[in-house]
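Residues per chain, in single letters:
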Amino acid sequence: KGANVNFKDRNEGKTALMFACAKGKEEIVLALTESGAKINVQDHNGYTALGYAIRNRHQDLALGLIEKGANFKVNTGSILALAYRLGYHEIVDKI
């Protein structure tokens, strides 16, 4: 059996997918999602992988997560405001 792709770290409750989105690691994000990583899991602060992708300026990753069904209703206000400030109009239109 393989590793649990949805394991959360104890300190902040982040998953491997969240870390990969924060660092812009597209190949790792793809591998994790194909291995069953849940994209709508929240960390201890209520952020999801989508939030990490947007907060760290990885627009293509964010769009890919939205296409895979990322729930942008979690922390929508902060995600929407940040996407707007960064000029990510395609994301703003989808949210």
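Before reading on, note that the structure itself is shown above.
Residues numbered from 1 in each chain as written. Predicted model: local features only at pLDDT ≥ 70, side-chain atom pairs only at ≥ 80, totals over all residues. Heavy atoms only, no water.

Caption draft 1: Local environment of the nonpolar core. Ranked by internal contacts, the top residues of the largest apolar core, which has 28 residues, are Leu17, Cys21, Val29, Leu50, Ile54, Leu65 and Ile91. For this core, the secondary-structure elements that each account for two or more residues are helix H1 (16-23), helix H2 (26-34), helix H3 (49-55), helix H4 (59-67) and helix H5 (76-85). (Core = buried A, V, L, I, M, F, W, Y, C linked by side-chain atoms within 4.5 Å. Buried < 20%, exposed > 50% of the residue type's maximum accessible area, 1.4 Å probe, protein only. Helix = DSSP H or I, 4+ residues; strand = E, 2+ residues; numbered from the N terminus.)

Caption draft 2: Representation of H4 within the structure. The complete set of buried residues in H4 reads Leu61, Ala62, Leu63, Leu65 and Ile66. Its buried side turned inward, H4 meets H1, H2, H3 and helix H6 (89-94). Gly69 lies just past H4 and shows a positive phi near 100°. (Contact = heavy atoms within 4.5 Å.)

Caption draft 3: Fine view of unusual backbone geometry. Positive phi outside glycine occurs at Arg57, with the angle close to 65°. Relative to the helices and strands, Arg57 is located in the loop between H3 and H4. Residue class for Arg57 comes out exposed when judged on its relative accessible area of 59%.

Caption draft 4: Expanded view of H2. All of the buried residues along H2 are Val29, Leu32 and Thr33. Considered in projection along H2, the buried side chains sweep an arc of 95° and stay on one side of the axis. Facing away from the buried side of H2, by more than 90 degrees, are the exposed residues Glu27 and Glu34. Contacts from the buried residues of H2 go to H1 and H4. (Arc of directions from axis to C-beta.)

Shape is all these values report; function is a separate question.
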